[in-house]
Amino acid sequence: MRDLKNVFPEKNILPDGVVLDKPIEQREYLINGEILQWQGDFQQVFSPVYFGNDTQGAYIGSYPLMDARESLKALEAAVQAYDHGRGEWPTMSVEKRIHCVKKFVVMMQEQRELIIRLLMWEIGKNLKDSEKEFDRTVVYINDTIESLKNLDRDSSRFTFAQNIMGQIRRAPLGVVLCMGPFNYPLNETFTTLIPALIMGNTIIFKPPKLGVLLHYPLLKAFRQAFPRGVVNTVYGDGQVVVGPLMESGKIDVLAFIGSSRVADILKKQHPKPHRLKCVLGLEAKNPGIVLHDADIEETVKECVTGALSFNGQRCTALKIIFVHRKIAKPFCDRLSEEVEKLAVGMPWDEGVHITPLPEANKSEYFAELINDAITHGAKVINPNGGIYNKSCFFPAVLYDVNDKMRIYREEQFGPVVPVICYDDIEEPINYVINSNYGQQASIFGKDADQIAKLIDTLVNQVSRINLNSQCQRGPDTFPFTGRKDSAEGTLSVSDALRVFSIRALVAAKENDLNKTIIREIIKDDKSAFLTTDFIL
Ligand code: G3H
């Protein structure tokens, strides 16, 4: 392992293509199709990357700390653009909306390099994963366009039943407040924002607390690609700028990826809870269950990536591992060896796995979790586990964890890997049953009979079971959701289009008068909704 004492670079030795020419001093925000200049306070942004012995992360820029008044202006713009469903955007044909989104993607791709660089500096994501996040988002948008074309093609025909003819389509819901998480600030924000937008809703977009500046290069693209008021941006302290939006009762959909604590606060702020639709991606404590006959090498490989990709800062990360007593020793030995091999460094370093953590005081929090576990009988089994220097924390494998420890229940969201030895398969099953979370689980083993039984038990507890592989969201065409406190609503390329819209239909008795009216509307293209136009 690289010596953590010297993990941070000197400012003058940064490689080409990494340096930010100058800090990003964002003054602008987008409301009602205009890029405005903020005159109030600004939030300074410091990277999780430090220079040399500095006591604060590198200064990388600032963004507006907007106030409630300005935030409500963004809301008014979105409400006006929607205009009770009569605005230009919600009534625009699907084909034209697709055209706007395509224009946006082209402009977005022009900013690829800068956005990737900002992902590294703002949240410490390594180069490979930052590139993946950007490219995956572009693919997601393009797939969304294709999926909407198919949905629209299916809806362009009439349905006949019981002497009634109908045309069934999907209609928008209204004003959507989109808020993504810091760990996938671009990708997860856009997996709600783009489907919400393309279905005809208008948007208020508030970036996460960490990972704000990387959205700045897209401000102009939002302005140029979409009609006035369709996308509006809000920056600042959540309590100041988001509270008033929710309290107004004018938010129709809350698309939020973050903690259930914050989601609960936001939902309660809305005066008409039954009129608020929520699309939420929340915490998880996904278990890996290693059966007695698991292939140790393959399982260790999956557990290391599953628990420690992006330093374990994934909602889908394996956050607790149950291993059968019969193979606990060889499994833990190999796990510890493989974790020790992980390269620590700066996000742009070749082959780096462990990078600086963006959240304040996170290393101290993990040290606390580890101390608590040690107090209750666990050991850090890898030699360098838990060593840290400022924001850089070397992963710790904790063994043998029990229910007295905080790590047993708390979602660590970082590089601590708790392992529990079990004798009876009922132990991990009961853990899942009693957990507040229900996103995914991984089963590692070979015996089809035992695996089948476990699948049938777990499938009613979590939303995805992974066989001999880590938990993950992708492929993005697969449904992504969770039970209990882990999620509300289902996302995937096609599901998201449904979640941000409602089925609406025109129905008429099959008589001559109605047939004549419908024929005339269709022939002369009189309606955007009632049409048999087919997107080619
Ligand atoms: O943070 C949660 C993400 O949705 C995880 O996505 O499994 O593709 O890393 P991923």
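Quick notes on the rules
Residues numbered from 1 in each chain as written. Predicted model: local features only at pLDDT ≥ 70, side-chain atom pairs only at ≥ 80, totals over all residues. Heavy atoms only, no water. Buried < 20%, exposed > 50% of the residue type's maximum accessible area, 1.4 Å probe, protein only. Helix = DSSP H or I, 4+ residues; strand = E, 2+ residues; numbered from the N terminus. Pairing = 2+ DSSP bridges. Right-handed = clockwise from strand over helix to strand, strands pointing away. Contact = heavy atoms within 4.5 Å. Axes fitted to C-alpha atoms, helices over the stretch in contact; angles between N-to-C directions. Disulfide = S-S within 2.5 Å. Salt bridge = Lys/Arg side-chain N within 4 Å of Asp/Glu carboxyl O. Near = heavy atom within 4 Å. Areas by Shrake-Rupley, 256 points an atom, 1.4 Å probe, with all protein chains shown as cover. Nonpolar A, V, L, I, M, F, W, Y, C, P; charged D, E, K, R; others polar. Phe/Tyr/Trp six-rings, centres within 6.5 Å; stacked < 30°, edge-to-face > 60°. Expected span 1.5 Å × (residues − 1). Core = buried A, V, L, I, M, F, W, Y, C linked by side-chain atoms within 4.5 Å. Parallel < 35°, antiparallel > 145°, perpendicular 65-115°, else oblique. Left-handed = near helix turned anticlockwise from the far one by under 90°.

Participant: What's the story with the pairing of strand β12 (residues 277-281) in this structure? I'm lost.
Facilitator: Consecutive side chains along a regular strand alternate between the two faces of the sheet. The element β12 is extensively covered by neighbouring structure, given that four of its five residues are classed as buried. As defined by bridge partners, strand β11 (residues 253-257) adjoins β12 across five bridges and the pair is classed as parallel. Residue pairing across strands places Ala-255 opposite Val-279, the latter belonging to β12. Taking the sense of rotation as the criterion, the β-α-β connection linking β11, helix α10 (residues 260-269) and β12 turns out right-handed.

Participant: I'm lost on the sheet that holds strand β5 (residues 59-64) in this one. Help?
Facilitator: Strand-to-strand pairing in sheets goes through backbone hydrogen bonds, with the strands running parallel or antiparallel. An order of β1-β5-β4 is seen for the three strands of this open sheet, with the pairing classed as mixed. Each edge of the open sheet carries a strand with a single partner, namely β1 (24-25) and β4 (42-46).

Participant: Explain the sheet that holds strand β14 (residues 318-324) here, please?
Facilitator: If you trace the seven strands from one edge of the open sheet to the other, you get β15-β18-β19-β14-β13-β21-β22, paired in mixed fashion. Taken across any chain shown, the strands that pair with only one partner, and hence form the sheet edges, are β15 (379-380) and β22 (464-467). Both strand β18 (residues 396-399) and strand β19 (residues 416-422) contribute to a ladder of four bridges, which runs parallel. Looking across to β19, one finds that Leu-398 is bridged to Pro-418. Contacts between helix α13 (residues 362-375) and the sheet are confined to β15, β18 and β19, with β18 contributing the most and set at about 20° to the helix.

Participant: Quick question: what am I supposed to make of the state of the cysteines here?
Facilitator: Two cysteines whose sulfur atoms are joined by a covalent bond form what is called a disulfide. Applying the stated rule across the entire model yields zero disulfides. Free of any disulfide, Cys-471 has its nearest cysteine sulfur in Cys-303, 9.4 Å distant.

Participant: Looking at this model, I keep getting lost on the environment of Lys-206. Mind explaining?
Facilitator: Relative to the elements of secondary structure, Lys-206 occurs in strand β9 (residues 202-206). The class of Lys-206 is buried, set by a relative accessible area of 8%. Residues Lys-206 and Leu-458 lie 252 residues apart in sequence; the distance between their C-alpha atoms is 36 Å. With near-sequence residues (within four places) excluded, Lys-206 lies in contact with Cys-178, Met-179, Gly-180, Val-234, Gly-236, Gly-238, Val-241 and Val-242.

Participant: How should the pattern of salt bridges be read in this particular structure?
Facilitator: Going through the model one piece at a time under the given rule, you end up with 25 salt bridges. Arg-473 is the partner of Glu-188 in a salt bridge, and the nearest nitrogen-oxygen pair spans 2.5 Å. Here the residue Glu-188 occupies a position in helix α6 (residues 187-198), and Arg-473 occupies one in the loop between β22 and β23 (483-484), the gap between them amounting to 285 residues. The pair formed by Glu-188 and Arg-473 is uniform in burial state, with each residue classed as buried.

Participant: Please clarify how the site of the ligand should be interpreted in this entry.
Facilitator: Residues in contact with the ligand, as listed here, are Arg-136, Asn-183, Tyr-184, Glu-188, Arg-314, Cys-315, Thr-316, Gln-472, Arg-473 and Phe-480. Contact with the protein chains removes 95% of the 300 Å² of surface that the ligand exposes when unbound. Taken together, the residues of the shell around the ligand break down into three nonpolar, three polar and four charged.

Participant: Explain the packing of aromatic side chains to me, please; I cannot follow it from the model alone.
Facilitator: Two measures describe an aromatic ring pair: the distance that separates the ring centres and the angle between the ring planes. With the rule as written, the count across this model stands at 18 aromatic pairs. A centroid spacing of 5.5 Å and a plane angle of 90° characterise the contact between Trp-89 and Phe-226, whose relative ring orientation is edge-to-face. Within this pair, whereas Trp-89 is found in helix α2 (residues 88-91), its partner Phe-226 is found in the loop between α7 (219-225) and β10 (231-233), the two being separated by 137 residues in sequence. Seen in terms of ring centroids, Phe-104 and Phe-190 are 6.0 Å apart; in terms of plane orientation they differ by 35°. Their pairing is tilted. Taken together, the residues Phe-104 in helix α3 (residues 94-110) and Phe-190 in helix α6 connect sequence positions 86 residues apart. One exposure class covers both Phe-104 and Phe-190, and it is buried.

Participant: I would appreciate a short explanation of helix α4 (residues 112-123) in the present structure.
Facilitator: Count 3.6 residues to each turn of an α-helix, and residues three or four apart come out pointing the same way. Relative to the 16 Å expected for 12 residues at 1.5 Å per residue, α4 spans 16 Å between its end C-alpha atoms, a close match to the ideal helical length. Among the 12 residues of α4, nine are classified as buried, and the element is accordingly described as predominantly covered. Looking at α4, one finds that the buried residues are Ile-115, Ile-116, Arg-117, Leu-118, Leu-119, Met-120, Trp-121, Glu-122 and Ile-123. Those residues of α4 hidden inside the fold are in contact with β1, β4, β5 and α5 (127-155). Positive phi shows up at Gly-124, right after α4, with a value of about 75°.

Participant: Just to check I follow, could you spell out the nonpolar core for this structure?
Facilitator: A general feature of soluble globular proteins is that nonpolar side chains tend to end up buried together. Counting 134 residues, the largest nonpolar core has Trp-121, Phe-222, Phe-226, Leu-254, Phe-331 and Leu-335 as its most contacted members. With residues near it in sequence (within four places) discarded, Phe-331 still touches Val-290, Ile-296, Thr-299, Val-300, Cys-303, Ile-321, Val-323 and Val-419. Counting 30 residues, the second largest nonpolar core, distinct from the first, contains Leu-291, Ile-370, Ala-396 and Val-401.

Participant: What's the story with the environment of Ile-251 in this structure? I'm lost.
Facilitator: Note that Ile-251 resides in the loop between α9 (243-247) and β11. The exposure class of Ile-251 is buried, given its relative accessible area of 0%. Note: C-alpha distance between Ile-251 and Pro-15 (236 residues apart in sequence) is 45 Å. Other than its neighbours up to four places away in sequence, Ile-251 contacts Leu-75, Val-175, Leu-177, Ile-204, Leu-245, Met-246, His-270 and Leu-276.

Participant: Please clarify how the packing of helix α11 (residues 296-308) against helix α12 (residues 325-340) should be interpreted in this entry.
Facilitator: When two helices pack together, you describe them by how their axes are tilted relative to each other and by the distance separating the axes. Where α11 contacts α12, the two axes come as close as 9 Å, and the packing angle between them is 50°. Classed by the angle they form, the pair α11 and α12 counts as oblique. Handedness of the crossing formed by α11 with α12: right-handed. Judged by residue contacts, Ile-296, Glu-297, Thr-299, Val-300, Cys-303, Val-304 and Leu-308 of α11 engage Ile-327, Pro-330, Phe-331, Arg-334, Leu-335, Glu-338 and Val-339 from α12. Considered class by class, the residues forming the contact of α11 with α12 number 10 nonpolar, one polar and three charged.

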